[in-house]
Amino acid sequence: MPLNIFIIILILLLKANADSPSLTINRSKSHKDKSGDYTPLVVSLSTEDKAEKVKPVDLICIVDVSGSMSGEPLALVKESLKYLVKLMNETDNFALVTFSGSSYFVNNLTKMTEENKNLILYNIENLRVIGDTNIYSGLEKGLQLLKNDYSSGDRIASMILLSDGADNYYYDRVVSMFENLIVKEGKKDYVFTLYTFGYGSYYDYNLMNSIALIKDGSYFNIDKLSDVNDAFLKIYGSLSTV
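Everything numeric in this text was worked out from a predicted model, so none of it was measured. (Residues numbered from 1 in each chain as written. Predicted model: local features only at pLDDT ≥ 70, side-chain atom pairs only at ≥ 80, totals over all residues. Heavy atoms only, no water.)

### As for helix α2 (residues 72-87)
Then step 1. For α2, spanning 16 residues, the distance from its first C-alpha to its last is 23 Å, which sits close to the expected 22 Å at 1.5 Å a residue.
Then step 2. Within α2 the residues assigned to the buried category are P73, L74, L76, V77, K78, S80, L81, K82, L84 and V85. (Helix = DSSP H or I, 4+ residues; strand = E, 2+ residues; numbered from the N terminus. Expected span 1.5 Å × (residues − 1). Buried < 20%, exposed > 50% of the residue type's maximum accessible area, 1.4 Å probe, protein only.)

### Focus: the pairing of strand β6 (residues 156-163)
Strand residues, when the strand is regular, have side chains that alternate between the two faces of the sheet.
Then step 1. Among the 8 residues that make up β6, 8 are buried, leaving the element largely enclosed by the rest of the structure.
Then step 2. By the alternation rule, side chains of β6 split into I156, S158, I160 and L162 and A157, M159, L161 and S163, which are all buried.
Then step 3. Looking at chain direction, strand β3 (residues 57-64) and β6 are connected through 7 bridges and run parallel. The residue bridging I60 from the neighbouring strand is M159, located in β6.
Then step 4. In terms of strand pairing, β6 meets strand β7 (residues 193-198) through 6 bridges, oriented parallel. (Pairing = 2+ DSSP bridges.)

### Re the side chain of S103
Then step 1. For S103, the location among the structural elements is in strand β5 (residues 103-111).
Then step 2. Among the residues examined, S103 registers a relative accessible area of 10% and is labelled buried.
Then step 3. Polar side-chain contacts of S103 include one of 2.9 Å to the side chain of S137. (Polar contact = N/O pair within 3.5 Å; in protein donor to acceptor, adjacent residues only side chain to side chain.)

### Digging into the pattern of salt bridges
Then step 1. Tallied over the full model, the rule gives 3 salt bridges.
Then step 2. Residue R155 pairs with D58 through a salt bridge whose shortest N-O separation is 2.8 Å. With R155 in the loop between α4 (135-144) and β6 and D58 in strand β3, this pair connects stretches of sequence that are 97 residues apart. Like D58, R155 is buried.
Then step 3. Close ionic contact of E79 with K82 constitutes a salt bridge, the shortest N to O distance being 3.5 Å. Of this pair, E79 and K82 both sit in helix α2, separated by 3 residues, roughly a single helical turn.
Then step 4. It is possible to trace a salt-bridge network through shared partners that takes in E79, K82 and E125. (Salt bridge = Lys/Arg side-chain N within 4 Å of Asp/Glu carboxyl O.)

### Considerations on the sheet that holds β5
Then step 1. The 6 strands lie next to each other as β5-β4-β3-β6-β7-β8, forming an open sheet whose pairing is mixed. The open sheet has two free edges, formed respectively by β5 and β8 (219-221), since each of these has just one partner strand. Going from strand to strand, the sheet's axes swing by 15° on average, the running direction of each strand aside. (Axes fitted to C-alpha atoms, helices over the stretch in contact; angles between N-to-C directions.)

### Some details on the pairing of strand β4 (residues 93-99)
Then step 1. Extensive coverage of β4 is indicated by the burial of 7 of its 7 residues.
Then step 2. Burial of the side chains of β4 extends over both faces: N93, A95, V97 and F99 are buried on one face and F94, L96 and T98 on the other.
Then step 3. In terms of strand pairing, β3 meets β4 through 7 bridges, oriented parallel. Of the residues in β4, the one forming a bridge with V63 is T98.
Then step 4. In the classification by handedness, the crossover that spans β3, the intervening α2 and the parallel β4 is right-handed.
Then step 5. Of the pairings in the sheet, the one linking β4 to β5 comprises 6 bridges and is antiparallel in character. By the bridge assignment, F99 is partnered in β5 with S103.
Then step 6. As consecutive antiparallel partners, β4 and β5 are separated by 3 residues. (Right-handed = clockwise from strand over helix to strand, strands pointing away.)

### A few points about the packing of aromatic side chains
Then step 1. Enumeration according to the criterion identifies 5 aromatic pairs in this entry.
Then step 2. Pairing Y169 with Y170 gives two aromatic rings, centres 6.2 Å apart and planes at 45°, and the pair type is tilted.
Then step 3. Residue classification places Y169 among the partly exposed residues on the basis of a relative accessible area of 39%.
Then step 4. Measuring from centroid to centroid gives 5.3 Å for Y205 and Y219, while their planes differ by 80°, and the two rings are edge-to-face. With a gap of 14 residues between them, Y205 in helix α6 (residues 205-213) and Y219 in strand β8 connect regions that are remote in the sequence.
Then step 5. By relative accessible area, Y219 is classed as buried at 14%.
Then step 6. Of the aromatic side chains, those joined through ring pairs into one cluster are Y136, Y169 and Y170.
Then step 7. The ring centre of F105 lies 5.1 Å from the NZ or CZ of K141, which sits over that ring.
Then step 8. Against the face of F192 rests K215, its NZ or CZ located 4.8 Å from the ring centre. (Phe/Tyr/Trp six-rings, centres within 6.5 Å; stacked < 30°, edge-to-face > 60°. Lys NZ or Arg CZ within 6 Å of the ring centre and 35° of its normal.)

Now the structure itself:
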């Protein structure tokens, strides 16, 4: 069997049982054929356990509770948040910020123990809609929770904005205002990601996508709970593993 085919088959077989196969190929200095012209290759393959690479996550959810989120959008937001909370580990932290015309801390970054999860789930269930939509206010409040630069630590940080994107205050300036705030607060070089989830029938794709791109995130359109499952599994997987 040609050597290159053998190597490909070997990797495929081991990949089924290993997360990160690492292949090393070297010329052997101690083995030659009779002619002395051919030196066999020494192939070694090692694997790494993905569990050793997991980092705890600090997740800040910024939730739109304005009047435009009334009914099905807010109900789906609640189910989304409950799913996120239940999926997180005890080493993770979770924070909840709500905004309408102004913004509020529902809970600060909190260890996701079973007791704390129950309290957070209670707070989520009791979210109510009121007022207009000031997305910048929510982003501003969420940024306040990022006290540390995560670039060299043992934790990963991310913010998730959940909204229909129908801003009533600074529609055409939300992105530039938040970018300027990050610089003003001295957090331009902070390592964190920003994702956006769009709800409702009239979500603003352009605004929500532009906000996500501020910090290397992605926009997800949420029409049903399975969309949240897929989106958060992608986010959580990319955050918690290096």
